[in-house]
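Take a look at the letters that make up each chain.
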Amino acid sequence: MSHLTKVDHVTYACAQGTIEKWAWFHIEVEGGTLVTRIDDVRPDDPDSSMKLWCIDYGGFGIALVEGIDRRRKSQVTKFVERHGDHACQHVAFACRDLEAFRRRLVEMGGHPRGTTLVRHDGFGLVKQMFAKGYEEGDAAEATFPEYVQRPQPGDDPEKVRITFSEEAGRGFYDQIEDAIAAGDHEPLVDFARMPPDWRPPRPAAPGAAVERWRVT
Ligand SMILES: [Fe+2]
């Protein structure tokens, strides 16, 4: 059974001074709708911050972030220096059951970045879990996955109330700052649980994953 159901949003890191240009592309050329515009997510942080603009396409979203450097270089600026303008910082995947997937990830040797959060992320109410970078090294420079669960139309209101009760915590900017301060270079997964004799299964017929998802 697939734990993930679809791409929820993709976040691109923009070089300084380019977020408007990229917003024009996603809105005017691709047809997205700007739903959130925050020009400084950390106005009281003397060290660094970022801009966050969210563009919705209906079935998924694109988030644009741009670093704001103050006493220190923003982690978004560092990411752009390493990967280039409009580089993909993270892809967020929707999960059928985020808590169940978190347990699965940890059991298989994966490393969440921090605690699971419930908050409004610019696209709406979300339960979210960030994970450590795909590559070992500086947390500011690594590409990483985010896993989310959102209330769905038709969900039982009581289940939604329990699932999405506020869980205050530190968002990805803080979680990455914490990792930098702690010198945490650990990658998402160390592959210790991958059997040495593992081989890919025979490719299934096109559409098989969708059918399997529907019957379970
Ligand atoms: Fe995200």
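Residues numbered from 1 in each chain as written. Predicted model: local features only at pLDDT ≥ 70, side-chain atom pairs only at ≥ 80, totals over all residues.

A count of helices and strands for the protein chain gives six helices and eight strands. Element order for the protein chain, N to C, with α for helix and β for strand: β-α-β-β-β-α-β-α-β-β-β-α-α-α. In terms of overall size, the protein chain behaves like a compact globule, its C-alpha atoms giving a radius of gyration of 18 Å where 216 residues would be expected to give roughly 17 Å. For the C-alpha atoms alone, the extent of the protein chain along its principal axes is close to 50 × 40 × 35 Å. Counting the 216 residues in the protein chain, one finds 28% classified as buried. Taking as baseline every contact in the protein chain between residues at least 6 positions apart, the subset at least 24 positions apart corresponds to 65%. (Helix = DSSP H or I, 4+ residues; strand = E, 2+ residues; numbered from the N terminus. Rg over C-alpha atoms; globule rule 2.2 N^0.38 Å. Buried ≥ 20, exposed ≤ 12 C-beta atoms within 10 Å, placed from the backbone. Contact = placed C-beta atoms within 7 Å.)

We now examine the sheet that holds strand E2 (residues 33-38). The eight strands are arranged E2-E3-E4-E1-E5-E8-E7-E6 in an open sheet whose pairing can be described as mixed. Two strands bound the open sheet, and with one partner strand each, they are E2 and strand E6 (117-120). Between one strand axis and the next, the sheet turns through 30 degrees on average, direction left out of account. Where E6 lies against strand E7 (residues 125-130), four bridges are found, and the strand directions are antiparallel. Among the inter-strand pairings, Val118 is bridged to a residue of E7, identified as Lys127. Together, strand E1 (4-14), strand E3 (48-56), strand E4 (61-69) and strand E5 (87-95) form the strand contacts of helix H2 (residues 75-83), whose direction differs from that of E4 by roughly 105 degrees. (Pairing = 2+ DSSP bridges. Axes fitted to C-alpha atoms, helices over the stretch in contact; angles between N-to-C directions.)

Right, let's get into the nonpolar core. Judged by nonpolar contacts, the single largest core of 34 residues is most densely connected at Leu64 and Val65. For this core, the secondary-structure elements that each account for two or more residues are E1, E3, E4, H2, E5, E7, strand E8 (144-149) and helix H5 (172-182). (Core = buried A, V, L, I, M, F, W, Y, C linked by C-beta atoms within 7 Å.)

What follows covers H5. Within the sequence span of H5, burial applies to Phe172, Gln175, Ile176, Glu177 and Ala179. Packing partners of the buried residues in H5 comprise H2 and E7. Among the residues trailing H5, Gly183 stands out with phi positive, at a value near 65 degrees.

Despite not being glycine, His86 shows a phi value in the positive range, around 55 degrees. Relative to the elements of secondary structure, His86 occurs in the loop between H2 and E5.

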